[in-house]
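Structural overview for review
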Amino acid sequence: MQHNILSSIRSTKITDGCKGTQVYALNPSAGAPINGESVGDKLFHHLLDRSKQPGRTKPVGTKTATRDVVLEGLLPCGLPSSELLEPGIDPCLKPIDLVETLAGVHRRIESCGELEKFEVFLEQCLVFRGISDVKLFRRSLRSARQHAVDVHSKVVLASWLRYERREDELVGSSSMDCCGRKLECPKASLVLGYDPESVFDRCLCFRKDTIIVDNDDDGECECSTSYEDEDVGSYNDMSFCIGDSEIRCSRYSMASLSRPFMAMLYGGFVESRKEKINFSLNGVSVEVMMAVEVFSRTKRLNQFPNSVVLEMLSFANRFCCVEMKSACDAHLASLVLDMDDSLLLIEYGLEETAYLLVAACLQVFLRELPGSMHRLSVMRLFCSVEGRDRLALVGHVSFSLYCFLSQVAMEEDMKSNTTVMILERLGECAASGWQKQLAYHQLGVVMLERNEYKDAQHWFEAAVKEGHIYSSVGVARAKYKRAHTYSAYKMINYLISAHKPVGWMYQERSLYCIGKEKTMDLVSATELDPTLSFPYKHRAVCLVEEGKIGAAISEINKIIGFKISPDCLELRAWFLIAMKDYEGALRDVRAILTLDPNYMMFYGNMQGYRVVELLRPVAQQWNQADCWIQLYDRWSSVDDIGSLAVVHHMLENNPGKSILRFRQSLLLLRTLSLLGIDVPESCRLNSQKAAMRSLRLARNHSSSAHERLVYEGWILYDTGHREEAIAKAEESISIQRSFEAFFLKAYALADSCLDSESSKNVIDLLEEALKCPSDGLRKGQALNNLGSIYVDCEKLDLAADCYKHALNIKHTRAHQGLARVYHLQNQHKAAYDEMTKLIEKAQNNASAYEKRSEYCDRDMAKSDLSLATQLDPLRTYPYRYRAAVLMDDHKEAEAISELSRAINFKPELQLLHLRAAFYDSMGDFVSTVRDCEAALCLDPSHAEMLELCNKARGRINDGK
C-alpha cells in the first residue's frame, strides 16, 4: 500500500528545469500586422515582424511603425528557433553511475573515523545537490555540521544552513539570531572541541532559566595600586618601569605568562637579578602593562576596556603568552555582533593571527550572505590571492568555505568576476579528486556562460582528467562554440560507446548532428531520462516551425505535466500567443513570475511583469471576488498552474496581503494534503526556493504577532526544525486560537510514526482548527487530513464523513481518500468509480490513475499504470508494480530492467530496495549490497535495508 502517513511531496524537480538556458532565438516566419487589429493581434504580428527581420530594431513600413512603436519598445522578441536551442550544463557533480557513487559514499561514512566524517558528509551533500533533492541536501549538510571538528568548519556549516533558509530576508532579523539549536547557534559555533552528540541539543540562547553571573566586583579596572594596603613586599616583588611609571608585579606570576618571561625573570639574564626592569623601549603603554600584570594574577579580562584588550593581544603575540592570547582572542570574539564590528576587528584578528576573533568576524560575513558580497572589503578578502593567504595564516581557509561562497556567488551572478575569483580559490583549496572535479567543472560552466570558450574547454578538460566524465559535455560544447563541431560529435560519440549510455549523452550528441539522426538522439534521450526538458522543447519548436502550433503545445505539455520550469512555461506562452490564446499566455507568464519574479523573457530583454502589462488588456478582467471564485474553480479541478496565476493576479491588487503569500507557498509546496497521499501531482510545483520566498514575504507582511508566528513556524518546519515549528504554533495559539496555528501543529506532529495517542492529539488539533474561521480551501485540506488519520485509526465511517464533507466544499482531492475508505470496506467497485470521478475532474491526474490501479484487475491496472507513467514518469509505483508482476512471472531480467529504467534517472529508496531484494533472490549478493548501500545513503536508518544489506554481506563472506 502507498498510504503512508507522511508520504513526501517535497521531491524538488523544478530546479533541474531552471538550469537550462532561456530561449533566445529568431525564426523567420511570415506575417504582417493588419488594419483594425486588436492589441492581442498586434502582439502576435509583432512577434512575426521581428522574426522576419533578424537584427532589425525597427519595423518596416511607416504605418506599421506608427502602430507598433510602443510594442517595439516593450516587446523586442521573435519566435524561437530550433537551431539555436541548447540545453544547460549542470554545474554540480554528476556521476555517470549515481548508484555506485551513493554506495561508495555510504561505505566511506561507515568505515571512516569520527574525525574524518565531516569531509565525507560534505561530499555526500554535494552529490545530493547534483540530484536536486533539497531535503537530502540539508540533511547531509546538518550531518556535516554535526561532525565538524574545528571552529572554522562549525562556522561555515552553521552559516550555510542559515543561508538555506535565507533568513536575511526576514524583516527585523539579525544575522546573529539563533534558531534554538546548537547546530546553528552562532555562539555554539565558536566553542572549541568536537562533540557530535550534543549539536542537536537546545542551546543556552533559548533557555529561559539561564542566569548570567557577573563575577566582576564593580566593573572598574583593577590595577596594581588596588593592593597598596596589602603586604606587597611578599606579593609584588619586582617592578617594570615604563617612563616615569613603575608597575609592581609578582615575579612568579609574570614568569608564568610565557617561556620568554620565564627565561628573563628566572634564567641567566641580568634581569633575573634585578628588582626593577626597564621596559620603556618595548613600545608597551603603562595601561597595557598594568592590565598584563593583573591578568598574570587573575586570568581575567572583563574589567579592561576593549582597546586595552586589543593591545594585550598584540603584547601576547610579541612575548608568546599563549594563555593570555587565547583569553584575549576569545574575549574579542565575543564582542563581534554585527557587520560593523566585523569590519572593524577583522584586520586586528588577521594581523595578530587571532583564530577565534577571525572566526567570529568570518561568521558575520557568512551569515550576512548574499548581502555581504556587495562589500568591497569582504570580497577582497574572499576573492583575492592575498586575502586567501591571510586567512590561511589564521587557519580559516578550506574547501568547504569556498564551496559555500561559490554556491552563493553562482546564484547571485553566474558571469561575474567575483564568481570566477571565488571558483579559482575553490580550485586552489581542492585536495581530493571529487573536490577538484567540482571546482574545475564549475569553472568551466562559468567560463562557458561568459563566452570564454577556450578557458571553458581548459577547465572542463581538467575536470575530465580528474574523473568527472560528465564534464566531457562541457569540452564538447566549448569545441562546438569554437566551430569544431565534428570534434565535439566524435567526443560524445566515443562517450556513448565507451560507457553505459545515459540520457544526457544522447541529448548532447543531438546538438552536433542533423535530420533523422538528431531526431533519434532526442528520442533516445527522452527514453533514457524523461526528465530532460531540452528534447521536449526542441521537438515543440520544430513543430512550430512546421506550422503545427497545436501539436507543439501538446509536446511541451508533456513535460509541464510533471516538471515545471520557467523556460518551458515561456515556450508555451509564446505558442499560446501564436494561437491567440492570450488568457493562457497570461496564465503561464504569471506562473513564471511566481517561480522567478526576476525572470527575463523574449531574448532576455524584457522582464516578465512587462509582458503581463502587455497581455492584461486583452485578457478577461477580474476583481478580487472574481479571483476567489476562479481560485476555487482551479483548485477543485487540480489546476496548479492556473491557481498560481490567480494568486499572482490577486497579489498585484494587494501585494502586502500576507494570507495570499501564504496561499502561494501552499500551492508551491503543499498543494495536496500531506497525510495519506503518496506522491502528488503538485510535487511538480515543488519549488522549495519559491515557496520559502513566499513564506518569508508572508511573514514580513503579517499584521499580527500570532500570524507571524505561524509563518515562522512553517519556515522552520520546511527546513527540518520540526520541534521549533511546533513551539511557534503553540506560542501562536497562546496569543490567539486560529485555524492556521492548529493546522501547523497538527501537520508537524503528524510528521512522525503516529501511535494511538499521537493520532488522537492530531485529530483533536484538526477538529479545533475546523472550529476556527477559515475559507473552504483550507478547511477542505483539514478535512482531508482528518479523514486520513481516521482511516489509519480504523474509524472508517468518520473518515468517510470527513471526505464527503470536503467534497461538498469542492475539495476534489478527497475523492482519493473516499475511494480508500470504500476499498477498505471491500467496496472495490465504489472505490474504482470514486477514482474515476477524480480523473474526470482533475487536470493533473497521473496520481489518480495510479491510485485507481489498486482497485481493479491486473489488466486494467496495467493500463492505468502505463498511462500514469506516460503522464508523469517520475512516479515510481508503476515501475515497482510492473517489476513485481514480471518477477511473479519468473522474468527476473525484465523485472530488473524495469526498475533500472527508473533508477537511472530517479534513484529512489523504494526502487533501490525492491531491486536489491530481487538481486538477493537471484543470488547476486554483490549487486544486492551495492543497492542497499546506495539506499542507505539516502536513508541511513532504514531498518529493512540494513537487515538485507547485512544478510547479503554475510553471504558474500560465507562464499569466500
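Reading the values: the criteria
Residues numbered from 1 in each chain as written. Predicted model: local features only at pLDDT ≥ 70, side-chain atom pairs only at ≥ 80, totals over all residues. Heavy atoms only, no water. Helix = DSSP H or I, 4+ residues; strand = E, 2+ residues; numbered from the N terminus. Contact = heavy atoms within 4.5 Å. Areas by Shrake-Rupley, 256 points an atom, 1.4 Å probe, with all protein chains shown as cover. Expected span 1.5 Å × (residues − 1). Buried < 20%, exposed > 50% of the residue type's maximum accessible area, 1.4 Å probe, protein only. pLDDT = per-residue confidence, 0-100. Salt bridge = Lys/Arg side-chain N within 4 Å of Asp/Glu carboxyl O. Phe/Tyr/Trp six-rings, centres within 6.5 Å; stacked < 30°, edge-to-face > 60°. Lys NZ or Arg CZ within 6 Å of the ring centre and 35° of its normal. Patch = residues over 30% accessible without salt bridge, like charges linked within 9 Å, V, L, I, M, F, W, Y side chains within 5 Å. Core = buried A, V, L, I, M, F, W, Y, C linked by side-chain atoms within 4.5 Å. Pairing = 2+ DSSP bridges. Bend = angle between axes of the 7 residues up to and from the residue. Axes fitted to C-alpha atoms, helices over the stretch in contact; angles between N-to-C directions. Parallel < 35°, antiparallel > 145°, perpendicular 65-115°, else oblique. Left-handed = near helix turned anticlockwise from the far one by under 90°.

Per the secondary structure count, the chain includes 50 helices and five strands. Once local pairs closer than 6 in sequence are excluded, the contacts in the chain between residues at least 24 apart make up 62%. For the chain, the exposed surface amounts to about 39,300 Å²; the carbon and sulfur share of it is 52%.

Moving on to the side chain of Arg572. Mapped onto the secondary structure, Arg572 falls in helix α29 (residues 566–578). Not counting chain neighbours up to four residues away, the residues in contact with Arg572 comprise Ile553, Ile556, Asn557, Ile560, Arg587, Asp588 and Ile641.

Here we take up helix α37 (residues 722–735). Helix length check: α37, at 14 residues, gives a terminal C-alpha distance of 20 Å against a target of 20 Å (1.5 Å per residue), a fit within 8%. Residues Glu724, Ala725, Ile726, Ala729, Ser732 and Ile733 constitute the buried set of α37. Contacts made by the buried residues of α37 are with α36 (705–718) and α38 (739–749).

On to the confidence of the model for the chain. Summing up the model confidence of the chain, the mean pLDDT is 86 and the portion of residues at 70 or higher is 87%. Across the chain, helix α22 (residues 453–465) holds the top mean pLDDT of 98, while helix α1 (residues 14–18) sits lowest at 35. Here residues 1–37 is a poorly scored stretch, pLDDT under 50, and it has 138 contacts once near neighbours within four places are set aside; other chains count. Throughout residues 50–75 the model reports pLDDT below 50, and contacts reaching past four residues in sequence, or to other chains, amount to 53 contacts.

A few words on the pattern of salt bridges. Counted under the stated rule, the structure contains 58 salt bridges. Salt-bridge contacts for Glu508 lead to Arg477; the nearest nitrogen and oxygen are separated by 2.7 Å. Here Arg477 lies in helix α23 (residues 471–481) and Glu508 lies in helix α25 (residues 503–509), a separation of 31 residues in the sequence. The exposure class assigned to Glu508 is buried, which follows from its relative accessible area of 1%. Note on Arg477: relative accessible area 3%, which makes it buried. A salt bridge links Lys558 to Glu555, with the nearest nitrogen and oxygen atoms 3.1 Å apart. Taken as a pair, Lys558 and Glu555 lie in helix α28 (residues 549–560) at a separation of three residues, close to a single helical turn. The exposure class of Lys558 is partly exposed, given its relative accessible area of 46%. Beyond isolated ion pairs, a larger network of salt bridges with shared partners links Glu100, Arg107, Glu110, Glu933 and Arg953.

The next point concerns the packing of aromatic side chains. This model, assessed by the stated rule, comprises 24 aromatic pairs. Residues Phe315 and Phe319 carry aromatic rings whose centres are separated by 4.7 Å and whose planes lie at 40° to one another, so their mutual orientation is tilted. Among the residues examined, Phe319 registers a relative accessible area of 15% and is labelled buried. Put simply, the rings of Phe662, Tyr711, Trp714, Tyr717, Phe739, Phe743 and Tyr747 touch in pairs and so form one group of aromatic residues. Of note, Arg129 hangs over the ring of Phe137, and the distance from its end group to the ring centre comes to 3.9 Å. Of note, Arg882 hangs over the ring of Tyr879, and the distance from its end group to the ring centre comes to 5.1 Å.

Here we take up a nonpolar patch on the surface. On the surface, a cluster of nonpolar side chains totalling about 370 Å² of accessible area is made up of Tyr252, Met262 and Tyr266. You can see Tyr252 is positioned in helix α10 (residues 251–255).

Moving on, we come to the nonpolar core. Formed by 228 residues in total, the largest nonpolar core has its most connected members in Phe240, Phe261, Met312 and Phe575. At ten residues, the largest contribution of residues to this core is made by helix α16 (residues 355–367). Among all residues touching Phe240, those that are not within four sequence positions of it are Ser245, Glu246, Ile247, Cys249, Met254, Phe261, Met264, Leu265, Ile277, Phe279 and Met289. Core analysis: the second largest hydrophobic core is formed by 61 residues, Leu754, Leu766, Ala806 and Met835 among them.

Attention shifts here to the side chain of Gln507. By the secondary structure assignment, Gln507 is in helix α25. Among residues more than four places away in sequence, those in contact with Gln507 are Pro87, Ala525, Leu532, Phe534 and Pro535.

Turning to the pairing of strand β1 (residues 238–242), a few remarks are in order. The two faces of the sheet receive side chains in turn, since in a regular strand these alternate between them. The element β1 is largely enclosed, with a buried count of five among its five residues. With burial as the criterion, each face of β1 is covered, one bearing Met238, Phe240 and Ile242 and the other bearing Ser239 and Cys241. Sheet topology places β1 next to strand β2 (residues 245–249); five bridges connect them, and they run antiparallel. By the bridge assignment, Met238 is partnered in β2 with Cys249. What sits between the antiparallel neighbours β1 and β2 is a turn of two residues, in which Gly243 has the positive phi angle 65°. Looking at chain direction, β1 and strand β3 (residues 276–278) are connected through three bridges and run parallel. Each residue of the ladder has a partner; that of Cys241, found in β3, is Asn278.

As a further point, take helix α15 (residues 339–351). Relative to the 18 Å expected for 13 residues at 1.5 Å per residue, α15 spans 19 Å between its end C-alpha atoms, a close match to the ideal helical length. Maximal helix bending in α15 amounts to about 35°, located at Leu345. Buried within α15 are the following residues: Met339, Ser342, Leu345, Ile346, Gly349 and Leu350. Buried residues in α15 make contact with α13 (306–318), α14 (322–334), α16, α17 (376–383) and α18 (385–393). Following α15 by one or two positions, Thr353 has its phi on the positive side, about 50°.

Attention now goes to the packing of α14 against α16. Running from N to C, α14 and α16 point in directions that differ by 15°, and their axes come no closer than 7 Å. One way to sum up the angle between α14 and α16 is to call them roughly parallel. Two packed elements cross with a definite hand, and for α14 against α16 that hand is right-handed. Contact residues: α14 offers Asp329, Ala330, Leu332 and Ala333, while α16 offers Tyr355, Leu356, Leu357 and Ala360.

Time to look at the environment of Arg610. Along the chain, Arg610 falls in helix α31 (residues 608–615). Sequence-wise, Arg610 and Met600 are ten residues apart; in three dimensions their C-alpha atoms are separated by 9.7 Å.

A few words on the sheet that holds β2. Pairing is mixed in the open sheet, where three strands are placed in the order β2-β1-β3. Edge positions in the sheet fall to β2 and β3, since each has one partner strand and no second. Adjacent strand axes in the sheet meet at a mean angle of 25°, parallel and antiparallel pairs treated alike. On top of the sheet, helix α12 (residues 286–298) reaches β1 and β2; it is set at about 10° to β2, its chief contact.

This part is about unusual backbone geometry. Note that the residue after Leu369, namely Pro370, is joined by a cis bond; omega there is 5°. Mapped onto the secondary structure, Pro370 falls in the loop between α16 and α17. Phi is positive for Ala483, close to 70°, though the residue is something other than glycine. Checked against the element boundaries, Ala483 lands in the loop between α23 and α24 (485–498). Among the residues examined, Ala483 registers a relative accessible area of 64% and is labelled exposed. One non-glycine residue with positive phi stands out, namely Glu794, at about 65°.

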